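Here is what each chain is made of, one letter per residue.
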Amino acid sequence: MPSSPTRPVPEHAEDTKSAGPDAGGKRPGWVRRLIPVVLVLAWLGVMGVGGPTFGKLSDVVSNSQTDFLPVDSQATQVQDRLGEFQDSDGVPAIVVMESENEITPRQLRAIGTSAQALGEIQDVLEVSPPIPSEDGKAVEIIALVSSEADTGTVVEHLRERLAEDTPEGLSVAVTGPAGLVADLSAAFAGIDGLLLIVALVAVLVILVIVYRSPLLPFLVLLTSVGALCGAIITVYFLAQQGWIDLSGQTQGIMSIVVIGAATDYGLLYTARFREALHHTPSRWTATRMAWKGTVPAVLASGTTVIAGLLCLLLSALTSNRGVGPATAMGVVFAILAGLTLLPALLALFGRVALWPQMPRVDENPETHEQAMNPYDHKGLWPSVARLVDRRSRAVWLVSAVVLGAAAVGASQLDADGVPQSEFVLGESEARDGLAVIERHFPGGAGDPVYVLTPQEDAQAVAEQLSQDDDVASVAFTAQDSPNGTLPYPTPQGGPLANAEPTVSNGDVLIQATLTYASDSEEAQATVTRLRDDLAGITPDAKIGGTTAVQVDTIAASERDRALIIPIILAVILLILMVLLRSILMPVLLTATTVLSFFSALGVATLVFHLMDINQADPTVPLFSFVFLVALGIDYNIFLMSRVREEVVTAGHRKGVLAGLITTGGVITSAGIVLAATFAALAVLPILFLVQLAIIVTIGVLMDTIIVRSLLVPALALDLGPRSWWPSRVGTPGKHRALPTMPR
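Keep in mind that what you see is a predicted model, and the values were worked out from it rather than measured.

A few words now on the overall build of the protein chain. Regarding its fold elements, the protein chain presents 22 helices and eleven strands. Summarising the internal contacts of the protein chain: among those between residues at least 6 apart in sequence, 80% fall at separations of at least 24. When the accessible surface of the protein chain is totalled, it reaches about 29900 Å², and 59% of it is carbon and sulfur.

Bringing the environment of Ile 141 into the picture now. When you line up the elements, Ile 141 lands in strand β4 (residues 138–146). It is 9.2 Å that separates the C-alpha atoms of Ile 141 and Ile 111, two residues lying 30 residues apart in sequence.

Another aspect to go through is the environment of Asp 414. You can see Asp 414 is positioned in the loop between α14 (392–407) and α15 (429–440). Under the relative-accessibility criterion, Asp 414 is labelled partly exposed at 27%. In this structure, the C-alpha to C-alpha distance between Asp 414 and Ile 613, residues 199 residues apart in sequence, is 9.9 Å. The contact partners of Asp 414, leaving out residues within four places of it in the chain, are Asn 614, Gln 615 and Ala 616.

Moving on, we come to helix α19 (residues 584–611). Since one α-helical turn is 3.6 residues long, residues separated by three or four positions face the same way. Between its first and last C-alpha, α19 extends 41 Å over 28 residues, near the 40 Å set by a 1.5 Å rise per residue. Just past α19, the residue Asp 612 takes up positive phi, approximately 60 degrees.

This part takes up the pattern of salt bridges. For the structure on display, the rule yields 14 salt bridges. A salt bridge links Glu 84 to Arg 81; its shortest N-O distance comes to 3.1 Å. Of the charged contacts, one joins Arg 559 and Asp 560 as a salt bridge, the two residues approaching to 2.8 Å between their closest N and O atoms. Residues joined by salt bridges that share partners form a network here, namely Asp 468, Asp 470, Arg 529 and Asp 533.

Moving on to the packing of helix α20 (residues 619–650) against helix α21 (residues 652–679). Running from amino to carboxyl end, α20 crosses α21 at an angle of 155 degrees, the nearest separation of the two axes being 8 Å. One finds that α20 runs roughly antiparallel with respect to α21. In terms of crossing hand, the pair formed by α20 and α21 is right-handed. Of the residues belonging to the contact of α20 with α21, the class tally is 15 nonpolar, six polar and three charged.

Turning our attention to the pairing of strand β1 (residues 90–98). In terms of burial, β1 is a largely internal element, eight of the nine residues being buried. With nine bridges connecting them, β1 and β4 associate as antiparallel partners. Paired with Glu 98 across the strands is Ala 138, a residue of β4. Two strands pair when backbone bridges link them, and β1 and strand β5 (residues 171–175) are joined in this way by five bridges, in the antiparallel orientation. Paired with Met 97 across the strands is Val 172, a residue of β5.

Here we come to unusual backbone geometry. The step from Trp 355 to Pro 356 runs through a cis peptide bond, and the omega angle for that step is 10 degrees. Of note, Pro 356 is situated in the loop between α11 (318–349) and α12 (368–371). The peptide bond linking Tyr 488 to Pro 489 adopts the cis configuration, its omega dihedral lying at 0 degrees. The phi torsion at Asp 612 lies on the positive side, around 60 degrees, for a residue other than glycine. With respect to the secondary-structure elements, Asp 612 resides in the loop between α19 and α20.

A full pass over the atoms with the stated rule returns nine aromatic pairs. With a centroid separation of 6.1 Å and 15 degrees between ring planes, the pair formed by Tyr 269 and Phe 273 is classed as stacked. With Tyr 269 and Phe 273 both in helix α9 (residues 248–277) and four residues apart, the pair spans about one turn of that helix. Taking relative accessible area as the criterion, Tyr 269 reaches 0% and is therefore assigned buried.

Moving on: a negative patch on the surface. A contiguous patch of negative charge on the surface is contributed by Asp 416, Glu 438, Glu 521, Glu 522 and Glu 558. Within the element layout of this structure, Glu 522 appears in helix α17 (residues 521–535).

What follows concerns the confidence of the model for the protein chain. With 89% of its residues at a pLDDT of 70 or more, the protein chain has an overall mean of 84. Taken together, the stretch residues 1–27 has pLDDT below 50 and engages in 52 contacts with residues farther than four places along the chain or on a different chain. Contacts of residues 733–743 to residues separated by more than four positions or lying in other chains number 23 contacts, the stretch itself having pLDDT below 50.

As a further point, take a nonpolar patch on the surface. Together, Leu 34, Val 37, Val 38, Leu 41, Leu 44, Leu 348, Phe 349 and Val 352 line one region of the surface with nonpolar side chains, adding up to about 620 Å² of accessible area. Residue assignment for the nonpolar patch shows that the elements contributing at least two residues are α2 (30–54) and α11. At five residues, the largest contribution of residues to the nonpolar patch is made by α2. Tracing the sequence through the fold places Leu 34 in helix α2. Look at Leu 34 and you get partly exposed, because its relative accessible area is 39%.

The next thing to look at is the nonpolar core. Phe 627, Met 640 and Phe 678 are the most contacted members of the largest nonpolar core, which has 152 residues in total. One finds Leu 317, Val 474, Ala 541 and Val 551 within the second-largest nonpolar core, a separate group that totals 31 residues.

All right, on to the environment of Asp 264 then. When you line up the elements, Asp 264 lands in helix α9. Of the residues examined, Asp 264 reaches a relative accessible area of 3% and is grouped as buried. Those residues in contact with Asp 264 that lie beyond four places of it in its chain are Tyr 635, Ala 670, Val 673 and Leu 674.

With 15 residues, helix α5 (residues 151–165) ought to run about 21 Å at 1.5 Å a step, and its terminal C-alpha atoms sit 21 Å apart, in line with that. Of all the positions in α5, only Thr 151, Gly 152, Val 154, Val 155, Leu 158, Arg 159 and Leu 162 are classed as buried. Taken end-on, α5 shows its buried residues confined to a sector of 160 degrees, consistent with a single buried face. Summarising the geometry of α5, the exposed residues directed more than 90 degrees from the buried face are Ala 163 and Glu 164. A distance of 3.1 Å separates the backbone nitrogen of Gly 152 from a side-chain oxygen at the start of α5, and that oxygen is part of Asp 150.

Cut-off values and rules
Residues numbered from 1 in each chain as written. Predicted model: local features only at pLDDT ≥ 70, side-chain atom pairs only at ≥ 80, totals over all residues. Heavy atoms only, no water. Helix = DSSP H or I, 4+ residues; strand = E, 2+ residues; numbered from the N terminus. Contact = heavy atoms within 4.5 Å. Areas by Shrake-Rupley, 256 points an atom, 1.4 Å probe, with all protein chains shown as cover. Buried < 20%, exposed > 50% of the residue type's maximum accessible area, 1.4 Å probe, protein only. Expected span 1.5 Å × (residues − 1). Salt bridge = Lys/Arg side-chain N within 4 Å of Asp/Glu carboxyl O. Axes fitted to C-alpha atoms, helices over the stretch in contact; angles between N-to-C directions. Parallel < 35°, antiparallel > 145°, perpendicular 65-115°, else oblique. Left-handed = near helix turned anticlockwise from the far one by under 90°. Nonpolar A, V, L, I, M, F, W, Y, C, P; charged D, E, K, R; others polar. Pairing = 2+ DSSP bridges. Phe/Tyr/Trp six-rings, centres within 6.5 Å; stacked < 30°, edge-to-face > 60°. Patch = residues over 30% accessible without salt bridge, like charges linked within 9 Å, V, L, I, M, F, W, Y side chains within 5 Å. Lys, Arg positive; Asp, Glu negative; His and termini not counted. Charge placed at Lys NZ, Arg CZ, Asp CG, Glu CD. pLDDT = per-residue confidence, 0-100. Core = buried A, V, L, I, M, F, W, Y, C linked by side-chain atoms within 4.5 Å. Arc of directions from axis to C-beta. Polar contact = N/O pair within 3.5 Å; in protein donor to acceptor, adjacent residues only side chain to side chain.

Written as structure tokens, this is what we have:
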């Protein structure tokens, strides 16, 4: 904003110049000086505790899909009872060895020796003998890993031992449920360091460009770090007490949301503080003015985001329910840090924090109305305001058409689930091992479907399974059998002639090996069909196992998507009606944000196609919607709360233009910061996080550049004062004629 010639105000003049209390000439008392110091020391204490705690979050994190299913799902009910039928309640790690030629007897003996050695590894409960494939070119060994152990660590030890003991001429891979969990855990390993470093460096670079100051970016960044540390302490305690369930993705998302939100709130406060310093020589008075101007917008936007996130508590999946309170708690600390730590730091440093562009008190300041007139000033945002003012209807129509065209692509998104082997991008030994199994064994070998059925219906159920074309083999779980299973049909002679299926509480457990890989779409379709078939025999039959876990997870995710999205919209709409004291304006803001979401989804779908990652988990659209709608509304609240403030004093048209000019730079900077922090999620080779990062990054940029800068202001101008209906704010002669206040 151009200003009249100014004269430097020495920093010490803030405490010595006598110009009345509003000018800040009154020397602040020791209490006023002490409060910022106490706040900074308190937050430094939080950082001292929260920093080391961040490394402990992995102790309360689980990446197993089974742990997050609803307790009433079939897969969970079967999983909870597996220990009743098996001596070892473990997670199967499937060791598969492959040769280009038929494996020789000598190699087979060496493989048997290697298998015995695997049983010596800590937390490996038992190891099966080598199982050759029919073509003789591959061998399979099943090692059960204790469910109480760290699966990733045990699998790493298995792989190290196999690298030493595997006979020459054979390739080896550890796959199966344990191998997949180990690869997923390894992919999340960078969440403690790499993700934070990339996010914080990206934010720092943007802040340096925005502020062109050597000190201020670090003060804002310190605020974000303090908020993250406070959130970590709280979330760790909640997870340790068992009140919330954490997954690796929750940990990453929480970190990104906290850094992004805290930085955004810091940008908003800093803009108000800089503005106030043009009107007073006192940093203390400027702090009070900036704080009063920032609190309503930050509390309003933060409340909206928290409300949207807490809607995830309605999810059937405990992993999704954990994301809600964890990220909501992060936003709470972002608000606290943005309204306490940063104001305290800026109050202590004063104008020095903004060096070398330190604001000076305007000797002959323009009136606010003159300063906000887009036709009297040059620059980006006055130019945008002139465009929106002159061509309001054309601007919002073109913007809506562009967003609508982009939204068409959203219909092409395949969000019906992803094979578990595709969760990790890049190299994955477990995925390579599954490919070997598909080449030489029945696809589901080593990872069967478990069918829990009443004893009296066991034979009929086994018969139904054995006749299914997609089932390769059927066996009863039998503890008195040498290998723990009894094939169906039961052998009439030999060592298994006297074996009987294990019975527990009147039920037996049947293992059915499918012809498809356990994480494939074909296997999921088979499990769904088998459930319907077996229900015709007995309603008490339940199907579990890896494939059933995926089927139930996808079903729960689709249910969540259908339930939670409408509720989030309703909650946010109600909050906006209360904040803006209007009905029509909140409806318009919500509609534009939803349009922005579908546009981002459409553009992201094209990006997925170019990256050859077309399939998505059902939770990807849900989480994308939660963050884009909540955070998109966040920027609309920043804009419209300032617009309403201006409308009350200047009328509708001038108020909309003034709000656009005033908030243009800070909101755009905030949007770029948030987009950069979410983009940082893509450094982790996790398909879900990469897709979420792409959607949210695109959505935030579209919302910041198109929706908030063009669509919303143009729509408000075209509709005129009636956009605030039923409120009469902005209507000529109806708004309050308040005097212009210093800003």
